[in-house]
Amino acid sequence: MMMMVYLRRPYYDARGEIHNLKVNDAHRINILYTKAGFLRSGDIHPNEQCDFIFRGSVKVWTLSADGSTKTTTYGKHEFIKIPIGVPHVFEFVEDTVMAEWWEPQGFQAMFYKPYRDIVNQCMLEIDGRKIQTKNKGLVTLSPCADWTSSKMIIGATIAAVFGFMLGSTMSRG
């Protein structure tokens, strides 16, 4: 069986970048680089969300059964599993490179309004593109053409994920 891997055009904004890999139109893995001080998500999924931190650290906010928000900080080489139906926000403590995927596959997300409102409060509309404020000032958009160490880590991560998926597909049959 031949495996097809699609790498969609990366998404860039002031927070960083997201690279989306799709394998055989069935498996989706995102590789994210996010700068310290920014927020992502504010959503909920009908499946488990799995994340792995390659570099940096992130504080994950999750909604507890009693309605309070629990925060847990994860760092390099740590695995995060967010259960089905649990609203969450990622608050990036350091510049971070991470992978995210969902089990079972089939990405779906709905915004959880109380958390998404917090994420949106950090966003400003500039030239038709949403960007986030970091701390007190505006973060300017800049081209991402240079190869920084973060981009090298992202490239190596994409290659490693591709190699792992290819190896597991070939070993099955």
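For the structure, check the block above.
The rules behind these values
Residues numbered from 1 in each chain as written. Predicted model: local features only at pLDDT ≥ 70, side-chain atom pairs only at ≥ 80, totals over all residues. Heavy atoms only, no water. Phe/Tyr/Trp six-rings, centres within 6.5 Å; stacked < 30°, edge-to-face > 60°. Helix = DSSP H or I, 4+ residues; strand = E, 2+ residues; numbered from the N terminus. Buried < 20%, exposed > 50% of the residue type's maximum accessible area, 1.4 Å probe, protein only. Arc of directions from axis to C-beta. Lys, Arg positive; Asp, Glu negative; His and termini not counted. Salt bridge = Lys/Arg side-chain N within 4 Å of Asp/Glu carboxyl O. Polar contact = N/O pair within 3.5 Å; in protein donor to acceptor, adjacent residues only side chain to side chain. Contact = heavy atoms within 4.5 Å. Pairing = 2+ DSSP bridges. Axes fitted to C-alpha atoms, helices over the stretch in contact; angles between N-to-C directions. Core = buried A, V, L, I, M, F, W, Y, C linked by side-chain atoms within 4.5 Å.

Now for the packing of aromatic side chains. Evaluation of the coordinates by the stated rule reveals six aromatic pairs. Between the aromatic rings of Trp61 and Tyr115, the centroid separation amounts to 6.2 Å while the plane-to-plane angle is 85 degrees, which identifies the pairing as edge-to-face. One end of the pair, Trp61, is in strand β7 (residues 57–63); the other, Tyr115, is in helix α1 (residues 113–121), and 54 residues separate them in sequence. Taken as a pair, Trp61 and Tyr115 share a single burial class, namely buried.

The next thing to look at is α1. Considered for burial, the residues of α1 that qualify are Tyr115, Arg116 and Val119. In a view along the axis of α1, the buried residues occupy a sector of 95 degrees, so they form one face of it. For α1, exposure combined with an orientation more than 90 degrees from the buried face picks out Lys113 and Gln121.

Our next topic: the side chain of Asp51. Summarising the element assignment, Asp51 is placed in strand β6 (residues 48–55). Buried within the structure, Asp51 lacks any salt-bridge partner; Arg40 is the closest side chain of opposite charge, at an N-O distance of 9.8 Å. Engagement of the side chain of Asp51 in a polar contact is seen with the side chain of Gln49, the distance being 3.2 Å. Ignoring anything within four residues of it in the chain, the contact list for Asp51 reads Glu78, Phe79, Ile80, Ile82, Phe90, Met98, Ala99, Glu100 and Trp101.

Take the sheet that holds strand β10 (residues 88–92) next. Pairing is antiparallel in the open sheet, where five strands are placed in the order β8-β7-β10-β5-β12. At either margin of the open sheet sits one strand with a lone partner, and together these are β8 (69–75) and β12 (110–111). Against the sheet, α1 engages β5 (39–44), β7, β8, β10 and β12, with an angle of about 160 degrees to β5.

Here the focus is the pattern of salt bridges. Applying the stated rule across the entire model yields three salt bridges. Two residues, Glu48 and Lys81, come together in a salt bridge whose shortest N-O distance is 3.7 Å. Linking Glu48 in strand β6 with Lys81 in strand β9 (residues 79–82), this pair joins segments that are 33 residues apart in sequence. Of the residues examined, Lys81 reaches a relative accessible area of 47% and is grouped as partly exposed. The salt bridge partner of Lys113 is Asp117, with a shortest N-O separation of 2.9 Å.

Along the polypeptide, Thr34 turns up in strand β4 (residues 27–34). Given the relative accessible area of 0%, Thr34 is considered buried. On a C-alpha basis, the gap between Thr34 and Asp95 in space is 5.7 Å, while along the polypeptide they are 61 residues apart. The contact partners of Thr34, leaving out residues within four places of it in the chain, are Arg15, Arg40, Phe92, Glu94, Asp95 and Thr96. Within polar-contact distance, the side chain of Thr34 engages the side chain of Arg40 at 2.8 Å.

Most often, soluble globular proteins have nonpolar side chains that are buried together. Residues Leu32, Ile53, Val58, Val60, Tyr74, Ile80, Ile82, Val86, Phe90, Phe92 and Met98 constitute the largest nonpolar core, which totals 11 residues. Of all elements in the fold, only β7, β9 and β10 reach the threshold of two or more residues within this core. Of all hydrophobic cores here, the second largest spans six residues; its members include Ile29, Ile31, Tyr33 and Val97.

A word on the side chain of Arg40. Topologically, Arg40 is positioned in strand β5. This buried residue, Arg40, is left without a salt bridge; Asp13 holds the nearest opposite charge, at 4.2 Å.

Read these as layout, nothing more, since geometry by itself doesn't imply function.
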